[in-house]
Amino acid sequence: MVISPYLPEGATGFTTIELKSNHLGTARAGIVSCTAKVAHQGKTTQVLDAVVSHQETRKTIALFRCTQMILYPK
């Protein structure tokens, strides 16, 4: 899973500070989807939350919280 935050003007990229995941279930068949939303969108750090769920049953399979550090050129 790759979570790409919005990059502020002048930023060249990002690196992951922390990635926390909770795996709650499995999907043996069908389609899974991931929905992510920004919990904090700063100029130096950003935090995103993501939920992975089974499309047909809507059962939550995994939860993620990712903290990113925004990188700028020297």
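The following paragraphs examine the structure supplied in this document.

### Observations concerning the overall build of the chain
And then number 1: Of the regular secondary structure elements, the chain holds 0 helices and 4 strands.
And then number 2: The secondary structure elements of the chain, listed N-terminal to C-terminal, are β-β-β-β.
And then number 3: On C-alpha atoms alone, the chain measures out to a radius of gyration of 14 Å, which is more than a quarter above the 11 Å that the 2.2 N^0.38 rule sets for 74 residues.
And then number 4: Dimensions along the principal axes, computed over C-alpha positions, put the chain at roughly 50 × 20 × 15 Å.
And then number 5: The buried share of the chain, taken over its 74 residues, is 27%.
And then number 6: Accessible surface computed for the chain: about 5,400 Å², of which carbon and sulfur atoms make up 54%.
And then number 7: With 8 positive and 4 negative side-chain charges, the chain shows a spacing of 5 Å between the two charge centroids.

### Concerning the environment of T35
And then number 1: By secondary structure assignment, the location of T35 is in strand β2 (residues 32-41).
And then number 2: Once the C-alpha coordinates of T35 and A50 are considered, the two residues, 15 residues apart in sequence, prove to be 5.5 Å apart.
And then number 3: Apart from residues lying up to four places away in sequence, T35 is in contact with D49, A50 and V51.

### Comments concerning a nonpolar patch on the surface
And then number 1: Side chains of I17, M69 and L71 sit close together on the surface and give an oily, nonpolar patch of about 240 Å² of accessible area.
And then number 2: Considering the arrangement of structural elements, one finds M69 in strand β4 (residues 60-71).

### Re the nonpolar core
And then number 1: Formed by A50, V52, I61, A62 and F64, the largest nonpolar core amounts to 5 residues.
And then number 2: Listed by contribution, the elements that provide at least two residues to this core are β3 (45-54) and β4.
And then number 3: Non-local contacts of I61, meaning those with residues more than four positions away in its chain, are made with N22, H23, L24, G25, T26, A27, V32, V52, S53 and H54.

### Thoughts on the side chain of Q46
And then number 1: Its place among the elements puts Q46 in strand β3.
And then number 2: Within the structure, the side chain of Q46 is placed 3.4 Å from the backbone oxygen of G42, a separation counted as a polar contact.

Calculation notes
Residues numbered from 1 in each chain as written. Predicted model: local features only at pLDDT ≥ 70, side-chain atom pairs only at ≥ 80, totals over all residues. Heavy atoms only, no water. Helix = DSSP H or I, 4+ residues; strand = E, 2+ residues; numbered from the N terminus. Rg over C-alpha atoms; globule rule 2.2 N^0.38 Å. Buried < 20%, exposed > 50% of the residue type's maximum accessible area, 1.4 Å probe, protein only. Areas by Shrake-Rupley, 256 points an atom, 1.4 Å probe, with all protein chains shown as cover. Lys, Arg positive; Asp, Glu negative; His and termini not counted. Charge placed at Lys NZ, Arg CZ, Asp CG, Glu CD. Contact = heavy atoms within 4.5 Å. Patch = residues over 30% accessible without salt bridge, like charges linked within 9 Å, V, L, I, M, F, W, Y side chains within 5 Å. Salt bridge = Lys/Arg side-chain N within 4 Å of Asp/Glu carboxyl O. Core = buried A, V, L, I, M, F, W, Y, C linked by side-chain atoms within 4.5 Å. Polar contact = N/O pair within 3.5 Å; in protein donor to acceptor, adjacent residues only side chain to side chain.

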